[in-house]
Number of protein chains: 2
Amino acid sequence: MAKTCKVLFQPGETSVNVLQSTTILAAAHKAGVFINSLCGGDGVCGRCRVTVLQGRAVGGSTEFFTHEEIRQGHILACEGRIETDLVVDIPPEARLAEPPEYVDEVPLLADVSRLGRKGVRFSPLVRKTHVQLPPPSLDDNVSDLQRLELALGKHIDSPGFQMGLKVTRRLPGVLHRGEWNVTAVTGYRGPLTEIIDVEPGDTTQPNMCIAADIGTTTVVCHLVDLRDGQTLGQAAKYNSQARFGGDVIHRIIHASQEAGSDEPLRKAIVSDVNELIHDLVQRHRLGTQDVSFICAAGNTTMIHLLLGLPVENIRKSPYVGAAYRVPPFRAAEVGLQINPRGLLYCLPCVAGFVGADIVAGIYASGLSSREEVSMLIDIGTNGEIVVGNKDFLVCASASAGPSFEGAECRCGMRATRGAIDHIRLLDAEHVLSFSTISSAAPIGISGTGYVDLVAELLRVGVIDRTGRINTSVAGSRLTESEYGELTYTIVPAAQSGNDKDVIISQGDINNILRAKAAIYGAATILLKSLSMTFSDISEIMVAGAFGNFLNLENAVFIGLLPDVDPERLRFVGNASLAGAKLAALCHDSYEEIIRIADRTTYFELSTDPNFMEEFVSACFFPHTNIELFPRVMAEFQKARKR
Amino acid sequence: MAKTCKVLFQPGETSVNVLQSTTILAAAHKAGVFINSLCGGDGVCGRCRVTVLQGRAVGGSTEFFTHEEIRQGHILACEGRIETDLVVDIPPEARLAEPPEYVDEVPLLADVSRLGRKGVRFSPLVRKTHVQLPPPSLDDNVSDLQRLELALGKHIDSPGFQMGLKVTRRLPGVLHRGEWNVTAVTGYRGPLTEIIDVEPGDTTQPNMCIAADIGTTTVVCHLVDLRDGQTLGQAAKYNSQARFGGDVIHRIIHASQEAGSDEPLRKAIVSDVNELIHDLVQRHRLGTQDVSFICAAGNTTMIHLLLGLPVENIRKSPYVGAAYRVPPFRAAEVGLQINPRGLLYCLPCVAGFVGADIVAGIYASGLSSREEVSMLIDIGTNGEIVVGNKDFLVCASASAGPSFEGAECRCGMRATRGAIDHIRLLDAEHVLSFSTISSAAPIGISGTGYVDLVAELLRVGVIDRTGRINTSVAGSRLTESEYGELTYTIVPAAQSGNDKDVIISQGDINNILRAKAAIYGAATILLKSLSMTFSDISEIMVAGAFGNFLNLENAVFIGLLPDVDPERLRFVGNASLAGAKLAALCHDSYEEIIRIADRTTYFELSTDPNFMEEFVSACFFPHTNIELFPRVMAEFQKARKR
């Protein structure tokens, strides 16, 4: 019988007992300790490197390490098999970049009122209606249910009501206890309205909903007051599925290993959303029972995992998911902790790699109702590009990686307190200015910060157009890390908020280069398939869970966005969340989003022979063919003359 | 602390331990032993008389017993409190008249084909559809769910499909296992069609449904093959709620005692229906999983108890039930044992005392679609009268008691094997002829048998027009029972099928007199409220769970039905079950039945000052005012002349 070994993880001093030969990564999963793993444990990404301080673990590739490092106990957690009791150190790079942290101070980019949309009338998917019923008499002795329906019909425009058995059983008691004065909770179900619950008296307040954007890297929830549609607060965290892989492909691989392999991923995302909900309601001195429903957007894989639908086939050609349009389910059936009878509305997806986040974004951005043709670029772990107008909608998806969400970069973080979100350099040696979220001491760099930083590094010559750090220019801010990687220090430890250097590494820059190339390449191919160019596009809207405004000029400078008239570029923030919130507050919007999903055509990049070529061409700052970026070219030429 | 006493019930040798001071009736409930109790334990009906053979029980009224009987240990089970260990004998009168017994030989009166209705097209509420889906490809990569919906849309005309979470989770696996060749089970939900289940391969056969009529006294189920709509068999039994009271009022009183008091009644009816379903599927070598749905009619209280809805307020003015129109529920949620995902459709009720049985009957009889005004009289434990046509529908309900269902009469039985269903007497001493169901040796008398028997006893002078047995005429067939009641023997024990006399008692005759008077009186009052008389009615249809044809001439002779032109009288059998079956097989019929419920007006007899007067006037054979029955009067005059 295999021996049991005790593994102690540092920092955090968490220990766990596992059988001999278990991998360190599996032991970490069991202990609830996060270790980064982009490839989901295949031993190919090298992200899960840890150091064995005491004891012995064996096996695994050596390609990621120097001899010295191997001697020091460096090993890949996914490959190192435990031989004896261990003490394992998880270096910062292998930890999730940030523990859950919530701030209220980030501008609510997805606030519905800021979108100022027409055609949106306040009609939430779930409503509470207080009614005073006429008591029954011999002249008016319809059933309790019909009495309630007749009264609700005066407030709610619905062709028909429907009530589940459990509530029907309780109904007479509730009507009598409330002395015919009751509050009904009703949920929109298309042609039917479900009477979800009935409570004695006036319980219309409080009444909340959660609008959620469930991203591969970041999960964001807004708490919305259903009295007036105002957003009370937001909370966000990194998707804790990250420990099963950095992108959807690796998570699907993990989920498809054997029957039940998807369960830990399902539990992880359910628990993430629950954590955000709990935090939001606690902050506002509410209970989970005050949340009547959740309206969720997210990519197809995330929605599938949240609902517990099989994801296996999404990864394999022809990339088919179980269901793209689902009715509202009881949130409790999924494991989400709101009112026990509350509903979960998932917005519709289009294809295996075009999810509800994009459909919600198309609606929220207004693209689908315009005469002129626009483009929407949603920058997340996948970059999705939509081109269309009121008559047609075409969409493609490219795997970009999570760099723009502040993940998987050495100092990457979400746009929360202490994140550098904008920066300007004076020269290779001097930072001119930077700003942080909440003006706190800097502890890391957000997605918008990286766009600025890479553009500035390019302008001052610290990196060249291939992205390589120019050691002859970078000067005193340049160091070589313990793993032999070049890093450029933005803020030294002494001035940072966590006594650590805020840096950007060569690897970070390479990640950002590939991410922007994937997005730009996809946009180019999609336009070509429509026999169009960027000049045919009236407006390019950039969406993403950046948390703060993207400097569009810098985004063009690094070649993330095309070099068009700046007037035609617009940053629209987290359009996915905005769409989810519009749907939550207006059932006409919900229906329109369903129609958008129906009429969006998916363009499969993977089968396009030109995509790889476009991607490689875009793996330059701003592009191999700089003539595509005339304004950027002019700036380079001007700089060279200086 | 109270002592525990052991109570042994005979016959059956069932024993139970209960606390001292428990009533014998409560002990019987605990032991699962049936003791008749019309009043539900109020000590007023005297039906639960038992004999204490050993031990001591005390208390209770003495009015039902002679001194001799009290000395012999006779006591009311509902009032006798247990003092010591007991041996209790339950006399035949206090037992349920009949153990569950099933025959296939009864004509299927409710067979849809016999109704020959127009406008009914075969479209069952739940269907199985076998589809061969095109496998997905890069050019056709809609989700699994949409692929299925697109294929089903070619077979099922529905504005929208909807699928629950559990089935959606299983869907991809089922499609792959079936290699895109699957069978979908779909349920009609008005504007939506629910995809209840999906199975690999062609599982369209077998596919069955149950049409049920849930009466206060009798529960009837038909097993219907959904391939062709043919009825494969029927099963019926007495409603085992009888032990809680003979009519709905006493059952409601029992159910309303305290929280949870309704649970035994709910369990009783659920278990009755399950017993009938099990019997039917076993007889046809099927499993319960082959039954896809149940379509149930029944009175308002029975439907409420089946669904576990509170019944308390049905009994109290203004007589309001919890819900009269309910959506289909998962049958398993109610406890009914069919396919675990199968549905229960309950037809709609109109008022506390006008149930789905009547609404189904109105539809099945065709009354609601005619130009001319007709009347429907449904004879059950309650007698309901409907008057109307395609433009109006008015309905009233009178408590008749279960005599016409063969219950609560000394030799009463359902119309099953050995029941005398028709009889003619030569004179007071001689039976001319009788027939029994299945031509078996007689063991009891069915509802139609009682109508014939009372009419014949009246004709030959054994009873007078008040219903009293005329001892000077009745002759040798007359005896006095051990309880001092006059009885008239129809078939002596030597010729019966169970070695017991088949008799009719003075009490039985009184029951039938009151039952027919309640129905006739209600019909009269309802017509008066419409300023109509029987002459304004083009046809009078008589429905009921008689199980065989009612002799309408005799029904008129005893004053159950008015003395109109025989051409205008028609027996339509179990119209409630027929309506349930039509709804089950045709969703247009189901919808029409819902519309009928909506437009039926309930006329409250209890508040009509003239009802008691009409009832008392009708407590004569055929009526106090015999001039209302000219043909019957002529027959009496002819007989007197002889």
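Residues numbered from 1 in each chain as written. Chains lettered and ligands numbered in written order. Predicted model: local features only at pLDDT ≥ 70, side-chain atom pairs only at ≥ 80, totals over all residues. Heavy atoms only, no water.

Peer 1: Help me out: how do you make sense of the overall build of chain A in this one?
Peer 2: When helices and strands are counted, chain A shows 19 helices and 29 strands. What you see for chain A is a C-alpha radius of gyration of 26 Å, in line with the 26 Å of a compact globule of 642 residues. Taken along the three principal axes of its C-alpha coordinates, chain A extends 95 × 70 × 45 Å. A separation threshold of at least 6 residues defines the contact pool for chain A, and within that pool the share at least 24 residues apart is 68%. Surface summary for chain A: the accessible area is close to 23,700 Å², and the carbon and sulfur share equals 49%. Across chain A, the centroid of the 59 positively charged side chains sits 1 Å from that of the 74 negatively charged ones. (Helix = DSSP H or I, 4+ residues; strand = E, 2+ residues; numbered from the N terminus. Rg over C-alpha atoms; globule rule 2.2 N^0.38 Å. Contact = heavy atoms within 4.5 Å. Areas by Shrake-Rupley, 256 points an atom, 1.4 Å probe, with all protein chains shown as cover. Lys, Arg positive; Asp, Glu negative; His and termini not counted. Charge placed at Lys NZ, Arg CZ, Asp CG, Glu CD.)

Peer 1: Mind showing me how you'd approach the sheet that holds strand 12 (residues 208-214) of chain A here?
Peer 2: Note on sheets: strands pair through backbone hydrogen bonds, and any given pair is parallel or antiparallel. Residue and element names in this part refer to chain A. Across the sheet, which stays open at both edges, the six strands sit in the order 14-13-12-15-17-16 with mixed pairing between neighbours. In this open sheet, the two strands that pair with only one neighbour each are strand 14 (231-238) and strand 16 (329-330). Note: strand 12 against strand 13 (residues 218-225), seven bridges, orientation antiparallel. Counterpart to alanine 211 in the pairing with strand 13 is histidine 222. (Pairing = 2+ DSSP bridges.)

Peer 1: Just checking my understanding: could you explain the environment of arginine 417 of chain B for this structure?
Peer 2: Inspection of the secondary structure assignment puts arginine 417 of chain B in the loop between strand 20 (393-399) and strand 21 (419-425). A residue is classified by how much of its surface remains accessible, and arginine 417 of chain B, at 38% relative accessible area, is partly exposed. (Buried < 20%, exposed > 50% of the residue type's maximum accessible area, 1.4 Å probe, protein only.)

Peer 1: Sorry, what's going on with unusual backbone geometry here?
Peer 2: Only a minority of non-glycine residues have a phi that is not negative, and only a minority of peptide bonds are not trans. The omega torsion of the bond from phenylalanine 621 of chain A to proline 622 of chain A falls at -10 degrees, within 30 degrees of zero and hence cis. Along the chain, proline 622 of chain A turns up in the loop between helix 18 (611-617) and helix 19 (630-641). Across the junction of serine 317 of chain B and proline 318 of chain B, the peptide omega takes the value 0 degrees, indicating a cis bond. Position of proline 318 of chain B among the secondary structure elements: in the loop between helix 9 (312-315) and strand 16 (329-330). For glutamate 408 of chain A, which is not glycine, the phi torsion reads 60 degrees and is therefore positive. Here glutamate 408 of chain A shows up in the loop between strand 20 (393-399) and strand 21 (419-425). The exposure class of glutamate 408 of chain A is buried, given its relative accessible area of 16%. With a phi angle near 55 degrees, serine 439 of chain A is a residue other than glycine that sits in the positive phi range. When you line up the elements, serine 439 of chain A lands in the loop between strand 22 (431-436) and strand 23 (444-445).

Peer 1: Explanation requested: the interface of chain A and chain B in the structure shown.
Peer 2: By a frequent convention, interface size equals the accessible area lost on bringing the separate parts together. Taken together, the contact between chain A and chain B spans 42 residues of the former and 42 residues of the latter. Approximately 3,500 Å² of surface area, both sides summed, lies buried where chain A meets chain B, with 64% of it carried by carbon and sulfur atoms. Per-residue buried area on chain A facing chain B is highest for Leu138, Leu165 and Arg169 of chain A; these three make up 18% of the total on that side. Linking chain A with chain B are one salt bridge. Between lysine 166 of chain B and glutamate 333 of chain A there is a salt bridge, with its nearest N and O atoms 4.0 Å apart. The tally of links between chain A and chain B comes to twelve residue pairs in polar contact (both at pLDDT 80 or more). Sort the elements by how many residues they give to the side of chain A that touches chain B and helix 5 (residues 165-177) of chain A lands first, with seven residues. In terms of residue class, the side of chain A that touches chain B is made up of 23 nonpolar, twelve polar and seven charged. (Buried area = accessible area lost by both parts, 1.4 Å probe. Salt bridge = Lys/Arg side-chain N within 4 Å of Asp/Glu carboxyl O. Polar contact = N/O pair within 3.5 Å; in protein donor to acceptor, adjacent residues only side chain to side chain. Nonpolar A, V, L, I, M, F, W, Y, C, P; charged D, E, K, R; others polar.)

Peer 1: Would you explain the relation of the copies chain A and chain B in this entry?
Peer 2: Relating the two copies of this chain is a rotation about some axis coupled with a shift parallel to it. Note on the identical chains: chain A maps onto chain B by a rotation of 180 degrees and an axial translation of 0.1 Å, with an RMSD of 0.2 Å. Taken together, the rotation and translation describe the operation of a two-fold axis. Taking the C-alpha atom as reference, chain A places proline 191 of chain A closest to the rotation axis, 3.2 Å from it. By residue overlap, the copies meet face to face through one surface: 100% of the interface positions of chain A are interface positions in chain B. (Least-squares fit on C-alpha atoms with pLDDT ≥ 70 in both.)

Peer 1: Just to check I follow, could you spell out the sheet that holds strand 7 (residues 86-89) of chain B for this structure?
Peer 2: All names here are of chain B. Strand order in the open sheet formed by five strands is 2-1-7-3-5, with mixed pairing between adjacent strands. Each edge of the open sheet is held by one strand with a lone partner, namely strand 2 (14-19) and strand 5 (74-76). The mean inter-strand angle of the sheet, taken between neighbouring strand axes irrespective of direction, is 35 degrees. Pairing between strand 3 (residues 49-54) and strand 7: three bridges, direction antiparallel. Paired with glutamine 54 across the bridge in strand 7 is valine 87. (Axes fitted to C-alpha atoms, helices over the stretch in contact; angles between N-to-C directions.)

Peer 1: Teacher, can you tell me more about the confidence of the model for chain A here?
Peer 2: Note: predicted coordinates in regions of low pLDDT should not be interpreted at a detailed level. The pLDDT averaged across chain A works out to 89; a share of 92% of its residues lies at or above 70. Scored by ipTM, the complex comes to 0.83, with pTM at 0.83. (pLDDT = per-residue confidence, 0-100.)

Peer 1: I keep staring at the packing of aromatic side chains and nothing clicks. Help me out?
Peer 2: How two aromatic rings sit relative to each other is set out by the distance from centre to centre and by the angle between their planes. All chains considered together, the criterion is met by 18 aromatic pairs over all chains. A centroid spacing of 5.5 Å and a plane angle of 90 degrees characterise the contact between tyrosine 345 of chain B and tyrosine 590 of chain B, whose relative ring orientation is edge-to-face. With tyrosine 345 of chain B in strand 17 (residues 343-346) and tyrosine 590 of chain B in helix 17 (residues 587-599), this pair connects stretches of sequence that are 245 residues apart. Pair check on accessibility: tyrosine 345 of chain B and tyrosine 590 of chain B agree, each one buried. The lysine or arginine in question, arginine 414 of chain A, covers the ring of tyrosine 238 of chain A, its NZ or CZ lying 5.8 Å from the ring centre. Its end group placed over the ring of phenylalanine 557 of chain A, arginine 459 of chain A keeps NZ or CZ at 4.2 Å from the ring centre. (Phe/Tyr/Trp six-rings, centres within 6.5 Å; stacked < 30°, edge-to-face > 60°. Lys NZ or Arg CZ within 6 Å of the ring centre and 35° of its normal.)

Peer 1: What should I look at first to understand the pairing of strand 11 (residues 192-200) of chain B in this one?
Peer 2: One face of the sheet, then the other: side chains in a regular strand alternate in exactly this way. Residues and elements named next belong to chain B. Counting buried residues along strand 11, eight of its nine residues qualify, which places the element largely inside the surrounding structure. Where strand 9 (residues 161-163) and strand 11 come together, three bridges link them in parallel fashion. Residue methionine 163 lies in a different strand from strand 11, and its bridge partner there is isoleucine 195. With eight bridges joining them, strand 10 (residues 181-189) and strand 11 adopt antiparallel strand pairing. For valine 185, the partnering residue across the bridge sits in strand 11 and is aspartate 197. Where strand 10 folds back onto strand 11 in an antiparallel hairpin, the turn is made up of two residues, including glycine 190, whose phi is positive at roughly 65 degrees.

Peer 1: Could you clarify how one ought to interpret the packing of helix 4 (residues 144-153) of chain B against helix 5 (residues 165-177) of chain B in this entry?
Peer 2: Residue and element names in this part refer to chain B. Contact geometry for helix 4 and helix 5: axes closest at 9 Å, N-to-C directions at 70 degrees. The angle between the axes of helix 4 and helix 5 places the two elements in the roughly perpendicular class. Helix-helix and strand crossings are classified by hand; for helix 4 and helix 5 the assignment is left-handed. Side by side, helix 4 and helix 5 meet where Asp144, Leu145 and Leu148 of the first sit next to Leu171, Pro172 and Leu175 of the second. Here the contact of helix 4 with helix 5 is built from residues that sort into five nonpolar, no polar and one charged. (Parallel < 35°, antiparallel > 145°, perpendicular 65-115°, else oblique. Left-handed = near helix turned anticlockwise from the far one by under 90°.)

Peer 1: Just to check I follow, could you spell out the state of the cysteines for this structure?
Peer 2: Residues and elements named next belong to chain A. Inspection of the entire model under this criterion finds zero disulfides over all chains. No disulfide involves cysteine 349; its sulfur sits 8.1 Å from the nearest other cysteine sulfur, which is in cysteine 346. For cysteine 349, a relative accessible area of 5% gives the class buried. (Disulfide = S-S within 2.5 Å.)

Peer 1: Would you mind going over the side chain of aspartate 279 of chain B with me for this structure?
Peer 2: Tracing the backbone shows aspartate 279 of chain B in helix 7 (residues 263-283). Among the polar contacts made by the side chain of aspartate 279 of chain B, one reaches the side chain of arginine 283 of chain B at a distance of 2.8 Å.

Peer 1: Before we go on, may I ask you to explain the pattern of salt bridges in this structure?
Peer 2: For side chains bearing opposite charge, pairing can occur when the charged atoms are close. One pass over the structure, following the stated rule, counts 45 salt bridges over all chains. The structure contains a network of salt bridges with shared partners spanning Arg189, Glu194 and Arg330 of chain A.

Peer 1: Before we go on, may I ask you to explain helix 1 (residues 24-31) of chain A in this structure?
Peer 2: Note on helix geometry: an α-helix contains 3.6 residues per turn, so any two residues three or four positions apart are oriented the same way. Listed in full, the buried residues belonging to helix 1 of chain A are Ile24, Leu25, Ala27, Ala28 and Ala31 of chain A. Mapping the buried residues of helix 1 of chain A onto a view down its axis gives an arc of 160 degrees, with all of them on the same face. (Arc of directions from axis to C-beta.)

Peer 1: For this particular structure, what's the right way to read the environment of alanine 583 of chain B?
Peer 2: Residues and elements named next belong to chain B. Mapped onto the secondary structure, alanine 583 falls in helix 16 (residues 575-585). Between the C-alpha atom of alanine 583 and that of aspartate 357, which follows or precedes it by 226 residues, the distance is 12 Å. In contact with alanine 583, other than residues within four places in its own chain, are Leu125, Cys295, Leu347, Ser589, Tyr590 and Ile593.

Peer 1: For this particular structure, what's the right way to read the pairing of strand 14 of chain A?
Peer 2: Residue and element names in this part refer to chain A. Counting buried positions over the eight residues of strand 14 gives seven, a clear majority of the element. Across seven bridges, the pairing between strand 13 and strand 14 is antiparallel. Among the inter-strand pairings, leucine 223 is bridged to a residue of strand 14, identified as glycine 233. Where strand 13 hands over to strand 14, the hairpin turn is made up of five residues, of which glycine 229 adopts a positive phi near 80 degrees.

Peer 1: Explanation requested: helix 7 (residues 263-283) of chain A in the structure shown.
Peer 2: With 21 residues, helix 7 of chain A should cover 30 Å at 1.5 Å per step; its first-to-last C-alpha distance of 30 Å lies within 8% of that length. Arginine 285 of chain A, located one to two residues past helix 7 of chain A, shows a positive phi value of around 55 degrees. (Expected span 1.5 Å × (residues − 1).)

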